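Spelled out, the chains give:
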Amino acid sequence: MTDQERYLEELKEFLRIPSISTEPEHRQHMYEAASFAAKQLEGAGLNGVRLIEGDGHPLVYGEWLGAPGKPTLLFYGHYDVQPPEPLEEWLSPPFEPRLANGNIYARGAADDKGLTLVLIKAVERLMGRDGRLPVNVRFLIEGEEETNGRHIGAYVRAHAADLASDVAVISDTEMFAPETPTLMTGLRGIVYGEIQVETAAHDLHSGTFGGVAPNALQAVCEIICGLKDREGVIRIPGFYDSVARPSQAEKQAWAELPFDEEAFCRNEAKSSQLTGEKAFSALERMFCRPTFEVHGIRGGFVGEGAKTVIPARAVAKVSMRLVPDQRPAEVVAQVRAAVRKLTPPGATADFVEIQSAAPSLVPVENQFMRAAAQAMEEVFGRPTVYIRCGGSIPIVGLFQQCLGIPSVLMGFGLPDDNLHAPNEKLNLSNFYRGIDSVTRFLEILA
């Protein structure tokens, strides 16, 4: 059996474990997946491999620190996956890996079991070939990325000295397009919370009180419309004050990316048109502009049939994606003040924060970014492109805050990998070339 064939068989074994972190009935499967990851680290030749128990699913740790004077890299990944529903939309069972069209289909293939194995196998290859590594490495693999990340957050804050490193390396990202090696230089942060509105002690009869009683759903809608206008401009006072603009060089690089806005609208967004601030391109709006989105509104009666009530309470779940140099705490205060100011007569309203994470940005001139770009260009035979990610990876901000290190985001997934959706996949050529790229990355750093 060749190395590639063995890597594939081990990936299949990993993917067969239904490590769904959100569902208590899969707790044993979570331990199974953590143990599999630990076994992989041991097989790669790492020392001190162990499961770290705590408030949540176990962390997996391993290290090799036998290269004095060389950089120390902290490799991060996660072994938990999203629930596979709706099951009827899968072309094959989600935890029975299927090979087709050069891809492997299964829940967790791209997010993040396959890409976590990319990092492990690169280290295993070098250890097997040379009996040592050209740099120092630590691995920290978690099982709650798809839920809350409380365990890893508490552990990193309490054990920062034990995790001392020069840079974090994460592959839980994607390439901009097929055959286009990609590094993500920036991530948007997030503030997620609820706008909570109350207008009365209980729901009221709309016949008796209609026309005189304030309506909580009406109030929450008025507040939302006051926070962002029809043109996509956010009206929260002070919200844009700290927004850092990208450099002209970065904007020029984005303009040269293989991006067709009409095709993106039709094939990716699957919508009739794109919305947002007209003064900025679609890529700018996704990469470097902050957002305000409504995710759900709860209140009143939504069942079958009719019930004529005036809702006394309403809740809107909303989020703001943040960009450099916005600060979550500052944004929370701005939103709270704006909500209170926009609250109509007869209602009380507040914004309650649920979670937040800071944005991050790593200059392309960073030595680790340059080494990663060179490695990927050598393996893929095409220049590496630099993009930002519209989403948020809270662990990146945590590493920056607690360990004081940047993160190199060198992912090998593709935009159509169906993350969190039925028929998730990973391109096998990218899987193998990802291992080659990380191997070369470590060699260049030495």
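Each chain carries its own residue numbering, running from 1 in the direction its sequence is written. This being a predicted model, a pLDDT of at least 70 is required before a residue's local features are given, and a value of 80 or more before pairs of side-chain atoms are given or counted; all residues contribute to the totals for chains, interfaces and linings. To obtain the side-chain values, all non-hydrogen atoms of the structure were included, while hydrogens and water were left out.

Draft legend 1. Local environment of the overall build of the chain. The numbering of helices and of strands both runs from the N terminus, where a helix is a DSSP run of H or I of at least 4 residues and a strand a run of E of at least 2. Helices and strands together make up the secondary structure of the chain, namely 13 helices and 18 strands. To get the radius of gyration, use the C-alpha atoms; to get the globule rule, take the number of residues to the power 0.38 and multiply by 2.2 Å. The C-alpha radius of gyration computed for the chain amounts to 24 Å, which stays within 12% of the reference 22 Å derived for 446 residues, consistent with globular compactness. The dimensions of the chain, computed from C-alpha atoms along their principal axes, are 80 × 50 × 45 Å. The buried label applies to any residue whose accessible area, calculated with a 1.4 Å probe on protein chains only, is under 20% of its type's maximum; exposed applies above 50%, and partly exposed to all values in between. In the chain, which comprises 446 residues, the share counted as buried stands at 53%.

Draft legend 2. Spatial organisation of the nonpolar core. By size, the foremost hydrophobic cluster in this structure holds 66 residues, and its most contacted members are L73, F75, V123, F139, M410, F431 and F441. The biggest single contributor to this core is helix α3 (residues 109–130), with eleven residues. Note on contacts: a residue pair qualifies if any of its non-hydrogen atoms lie within 4.5 Å across the two residues. If sequence neighbours within four positions are ignored, F75 has contacts with L119, V123, V137, R138, F139, L140, V169, V438 and L442. Put simply, buried Ala, Val, Leu, Ile, Met, Phe, Trp, Tyr and Cys residues joined by side-chain atoms within 4.5 Å make one nonpolar core.

Draft legend 3. View of the sheet that holds strand β5 (residues 103–105). With antiparallel pairing, three strands are arranged side by side in an open sheet as β4-β5-β18. A strand with exactly one partner marks an edge of an open sheet, and here the two such strands are β4 (98–100) and β18 (425–427). If you compare each strand with its neighbour and ignore which way they point, the axes differ by 25° on average. Here a strand pair is declared whenever DSSP counts at least two bridges between the two strands. Sheet analysis places β4 next to β5, joined by three bridges and oriented antiparallel. Within the sheet, the bridge partner assigned to L99 lies in β5 and is I104. All axes are obtained by fitting lines to C-alpha atoms, using only the stretch in contact for helices, and the reported angles, taken between N-to-C directions, cover 0 to 180 degrees. Each of β5 and β18 is contacted by α3, which is oriented at about 45° to β18, the strand it contacts most.

Draft legend 4. Examining the sheet that holds strand β13 (residues 313–322) more closely. The strand order β11-β13-β9-β14 describes an open sheet built from four strands, whose pairing is antiparallel. Two strands bound the open sheet, and with one partner strand each, they are β11 (293–299) and β14 (348–357). Pairs of neighbouring strands in the sheet enclose a mean axial angle of 15°, with direction left out of account. Taken together, the ten bridges between strand β9 (residues 189–198) and β13 define a ladder with antiparallel strand orientation. Counted as the bridge partner of G189 is L322 from β13. Against the sheet, helix α10 (residues 328–342) contacts β9, β13 and β14, and its axis sits at roughly 165° relative to β14.

Draft legend 5. Here's a closer look at the pattern of salt bridges. A carboxyl oxygen of Asp or Glu within 4 Å of a side-chain nitrogen of Lys or Arg is what we treat as a salt bridge. Across all of its chains, the model carries 25 salt bridges by this definition. We note a salt bridge from R129 to E443, for which the minimum N-O separation is 2.9 Å. You can see R129 sitting in helix α3 and its partner E443 sitting in helix α13 (residues 428–445), a full 314 residues away along the chain. The network of salt bridges with common partners includes D3, R6, E10, K121 and E124.

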